[in-house]
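Residue-level structural notes
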Amino acid sequence: MLVLFETPAGYAIFKLLDEKVLKKPDEIFRSFETVESANKVVKLQHFCKFEDTTQALAAATALIEGKISSDLKKLLKKVTKETQEQLLVADAKLGNAIKEKFDIPCLATTPVQELMRSIRSQMNSLVSGIPEKEMSAFALGLAHSLSRYKLKFSPDKVDTMIVQAISLLDDIDKELNNYNMRCREWYGWHFPELSKIVTDHVAYAKVIKAVGHRTNALNVDLKEILPEEMEAEVKEAAEISMGSEVADEDILNVTHLCDQILDMHDYRAQLYDYLKNRMYAVAPNLTVLVGELIGARLISHAGSLMNLAKHPSSTIQILGAEKALFRALKTKHDTPKYGLLYHASLVGGTNQKLKGKISRMLAAKAALAVRVDALGESTDAELGAEHRANLEARLKMLETGEFHRLAGRGTKRKAMDKYTNKAEVKVYNSAADSTLPVKSVEEEEEEAETKPPKKKRKVKDEPEEVKSEPATPKSEKKKKKKIQEVEETAEVEEESGGNS
C-alpha cells in the first residue's frame, strides 16, 4: 500500500511497510512515538517539492475542492508506471477523482485518518532533505495565502467594521442620554427654568458653558446658540429664577460635564459619517433600501453580511423581535409583523393597517438586495434604488386605493398571452345530423353553371271589373234566421202593447 501525504512544502508518497497497523486504529499512534518505530511502519518513496507559495496555494485550493492539481498529476503518473498498489488518501472526494482519472484503487477510512495524524507528528524526520525551519516557513506562508484566498480579502468588503461601529454608536447614544439627564438634573438645582426653555441637549450644554451662573445671563450674548425669542425667554427667566445658589466649584464641574457631552456629540457625528461611508461600500443596495442605520443593525444582528444573505425574507422581517415571536408562539397569540424594519422610513411613515404588508414587501426586497451585495461583483446601488421606487409606488397605491398598471407591464402581459389557455367551448349541432349526401360548394357552383336559364311565363291581363262572388248557402241560412228573429221580437212587442 502507498500513502499520499500533503505537506506545506510538497506532496509525499510513503510506502506502508506494515499493513497490519490499519487493523488496530487505536494503537497506530504508539507506532509513531519515536522516529525509529515510525521508519518501521512507513518509508518515503517520492517527494514533489513546490517551487513557491503560489504553487503551494494552487495545490491546497485544489485539494480543498477535491480536484487533482497539475503537480499531483505528474507525481501520480510516475507512481502508476512503477506499481498499481492501493493508495491511501485523507479525502474521499480526492480519492474518487484519482480513481476515475488514473484507475488507482483508493482508500479513505478512519484508520487512514489516524495514520495521517501519526505521520504528521513525525513529518520533519520522515521527509528528509528539508530543514525544519524551511518547513515552518512554508507552512506559515501557505497559511497566510490560504486565509486570504478563503476570505477573498478586500478592505472595502469587511463587514466586521460595520458591526463594531453600530455597536459603538448604540453605546454612545446610551451614554449621551445618561450624561444629558445628569447635566439637566445637576444644573436644574441652580437654574430649573432653563430645562423647559431649551429642549435641545447640545444647545443646553452650550448655554451652560456660556452663562455659568444664572446672574451672568443678562450680560452674555447667546445669539450664536439660541434664536432671539428663546434668548429673551432665558434672560427673563434668569431674573426671576427659583433655583438655589451654588458655588463656583460646582459650576466648574458642571461645565466639565458639558465639555464631555459636546465632545461625545462631535465624535458621534464623525462615527455616523464613517458608518455611512462603510455601509455604502459594503452593502450599497441594502443601504439605499432601508437606510444605513437599519442596514448596519441587520448585519450586526445576523453576525455578518454573508449570514444575513443566507436568511430568508420571513426571518429578515422579524429580525430583532425574537422575544416577542417566541412569547407569541408560547401563548398562542399573533406573531409580530416586524422587528428592526419597523424603524425604516418606508414602514414608519405608513398607516398602521399597512405596516405589516409594507414590512413583508420590504423584507422580500431587502433579502434580494443583501444577496446581491454579499455575492455580487457590482458596487452600484441600481437594484436597491429600483426596488425602493417600486415599493413607494406600491405604497402610494395602497394608501390611495387607486390601482394603476405600472409602466412596462403591457409588453409582459402580451408575451404571456400566448401561454394562457383560450379554449372555446363548442356545442354539438344536432341539425347537422343527416344521412343524405351533402354537396360541396364547388359542386353546387358547377351545377348552377351547366343548367339552362328558366323561361319566364307570360301573365294574361285580367279584366279590371271584379266579378262578385256568389253567396254560399251557409250565409243565406244565417240571414234568414236573423230576419225571423227580428220579426218574432216585433210581434212580441205588439202583443205586449195591446194588452197594456
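You'll find the structure just up there.
A brief look at the structure comes next.

Cut-off values and rules
Residues numbered from 1 in each chain as written. Predicted model: local features only at pLDDT ≥ 70, side-chain atom pairs only at ≥ 80, totals over all residues. Heavy atoms only, no water. Helix = DSSP H or I, 4+ residues; strand = E, 2+ residues; numbered from the N terminus. Contact = heavy atoms within 4.5 Å. Pairing = 2+ DSSP bridges. Buried < 20%, exposed > 50% of the residue type's maximum accessible area, 1.4 Å probe, protein only. Arc of directions from axis to C-beta. Polar contact = N/O pair within 3.5 Å; in protein donor to acceptor, adjacent residues only side chain to side chain. Patch = residues over 30% accessible without salt bridge, like charges linked within 9 Å, V, L, I, M, F, W, Y side chains within 5 Å. Areas by Shrake-Rupley, 256 points an atom, 1.4 Å probe, with all protein chains shown as cover. Salt bridge = Lys/Arg side-chain N within 4 Å of Asp/Glu carboxyl O. Lys, Arg positive; Asp, Glu negative; His and termini not counted. Charge placed at Lys NZ, Arg CZ, Asp CG, Glu CD. Core = buried A, V, L, I, M, F, W, Y, C linked by side-chain atoms within 4.5 Å. Axes fitted to C-alpha atoms, helices over the stretch in contact; angles between N-to-C directions. Parallel < 35°, antiparallel > 145°, perpendicular 65-115°, else oblique. Left-handed = near helix turned anticlockwise from the far one by under 90°. Nonpolar A, V, L, I, M, F, W, Y, C, P; charged D, E, K, R; others polar.

Attention now goes to the side chain of Thr287. Looking at the element boundaries, Thr287 is found in helix H13 (residues 284-290). Ignoring anything within four residues of it in the chain, the contact list for Thr287 reads Met279, Tyr280 and Glu292.

What follows deals with the sheet that holds strand E1 (residues 2-7). Across a sheet, paired strands are connected by hydrogen bonds in the backbone, their directions being either parallel or antiparallel. Read from one edge of the open sheet, 5 strands run E3-E2-E1-E4-E5, paired in mixed fashion. If you trace the sheet from one side to the other, it starts and ends with strand E3 (42-49) and strand E5 (106-107), each paired once. Two elements, strand E4 (residues 87-88) and E5, share 2 bridges in a ladder whose sense is parallel. Within the sheet, the bridge partner assigned to Leu88 lies in E5 and is Leu107.

Looking only at helix H4 (residues 92-102), the buried set comprises Leu94, Gly95, Ala97, Ile98 and Phe102. Taken around the axis of H4, the buried residues stretch over an arc of 160 degrees, which confines them to a single face. H4 presents Lys93 and Glu100 as exposed residues on the side facing more than 90 degrees away from its buried surface. You can read the cap of H4 off the contacts: a side-chain oxygen lies 3.4 Å from the backbone nitrogen of Lys93, and it is on Asp91.

Once that is clear, we can look at a positive patch on the surface. Taken together, the side chains of Lys73, Lys74, Lys77, Lys81 and Lys101 make up a positively charged region of the molecular surface. Top contributing element to the positive patch by residue count: helix H3 (residues 70-82), with 4 residues.

Of all 7 residues making up strand E2 (residues 10-16), 6 are buried, and the element is well covered by its neighbours. Pairing between E1 and E2: 6 bridges, direction antiparallel. Its bridge partner being in E2, Leu4 is matched across the sheet by Ile13. Note: E2 against E3, 7 bridges, orientation antiparallel. Each bridged residue has a counterpart across the sheet, and for Ile13 the counterpart in E3 is His46.

Looking now at the nonpolar core. Counting residues in hydrophobic clusters, the biggest one holds 68 residues, and the most contacted among them are Tyr187, Leu194, Leu308 and Leu362. For this core, the element with the highest residue contribution is helix H12 (residues 248-282), accounting for 11 residues.

Attention shifts here to the packing of helix H8 (residues 160-188) against H12. Where H8 meets H12, the axes come as close as 9 Å, and the angle between the chain directions of the two elements is 155 degrees. With respect to H12, the element H8 is oriented roughly antiparallel. Classified by chirality, the crossing of H12 by H8 is left-handed. Its residues assigned to classes, the contact of H8 with H12 shows 25 nonpolar, 4 polar and 5 charged.

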